[in-house]
Amino acid sequence: MKLLKKRVRSLLVQLYEEVEMLSDDDLQQVGAVVESLYYDLYVLRFIQQANRSLKPGDSFTREEALRYLRSL
């Protein structure tokens, strides 16, 4: 575990040094990509949780969902 913590710390230092070398424009582009990835992973996590907890009959088929929406 100590080895892993040491490695993570060294990677964080290296990452910080790399970020410092980026121009403001590059940093904005990287920020946009990281933000998009963050949201994708966030949604993926909830999809995976839903897939683990869904049981047959818990969700609508496409046709059932359309029928339900039309009845509102």
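For clarity, every value in this text was computed on a predicted model and none was experimentally measured.

Q: How should I be thinking about the overall build of the protein chain in this particular structure?
A: When its secondary structure is counted, the protein chain shows three helices and zero strands. Reading the secondary structure of the protein chain in the N-to-C direction produces α-α-α. Here the C-alpha atoms of the protein chain give a radius of gyration of 22 Å, more than 25% beyond the 11 Å that 2.2 N^0.38 yields for 72 residues. Counting the 72 residues in the protein chain, one finds 0% classified as buried. Between the averaged position of the 11 positive side-chain charges in the protein chain and that of its 11 negative side-chain charges there is a distance of 15 Å.

Q: So what exactly am I meant to see when it comes to the packing of aromatic side chains here?
A: The geometry of two aromatic rings is summed up by the distance between their centres and the angle between their planes. What the rule picks out here adds up to four aromatic pairs. Relative to Phe46, the ring of Tyr42 lies with its centre 5.0 Å away and its plane at 65°, an arrangement referred to as edge-to-face. Of the two residues, Tyr42 and Phe46 both sit in helix H2 (residues 24-53), four residues apart, roughly one turn of that helix. Residue Tyr42 is classed as partly exposed on the basis of its relative accessible area, which comes to 40%.

Q: How do you make sense of the environment of Tyr16 when you look at a structure like this?
A: In this fold, Tyr16 is placed in helix H1 (residues 2-21). Through-space distance from the C-alpha of Tyr16 to that of Gln29 is 16 Å; in sequence the pair is 13 residues apart.

Calculation notes
Residues numbered from 1 in each chain as written. Predicted model: local features only at pLDDT ≥ 70, side-chain atom pairs only at ≥ 80, totals over all residues. Heavy atoms only, no water. Helix = DSSP H or I, 4+ residues; strand = E, 2+ residues; numbered from the N terminus. Rg over C-alpha atoms; globule rule 2.2 N^0.38 Å. Buried < 20%, exposed > 50% of the residue type's maximum accessible area, 1.4 Å probe, protein only. Lys, Arg positive; Asp, Glu negative; His and termini not counted. Charge placed at Lys NZ, Arg CZ, Asp CG, Glu CD. Phe/Tyr/Trp six-rings, centres within 6.5 Å; stacked < 30°, edge-to-face > 60°.

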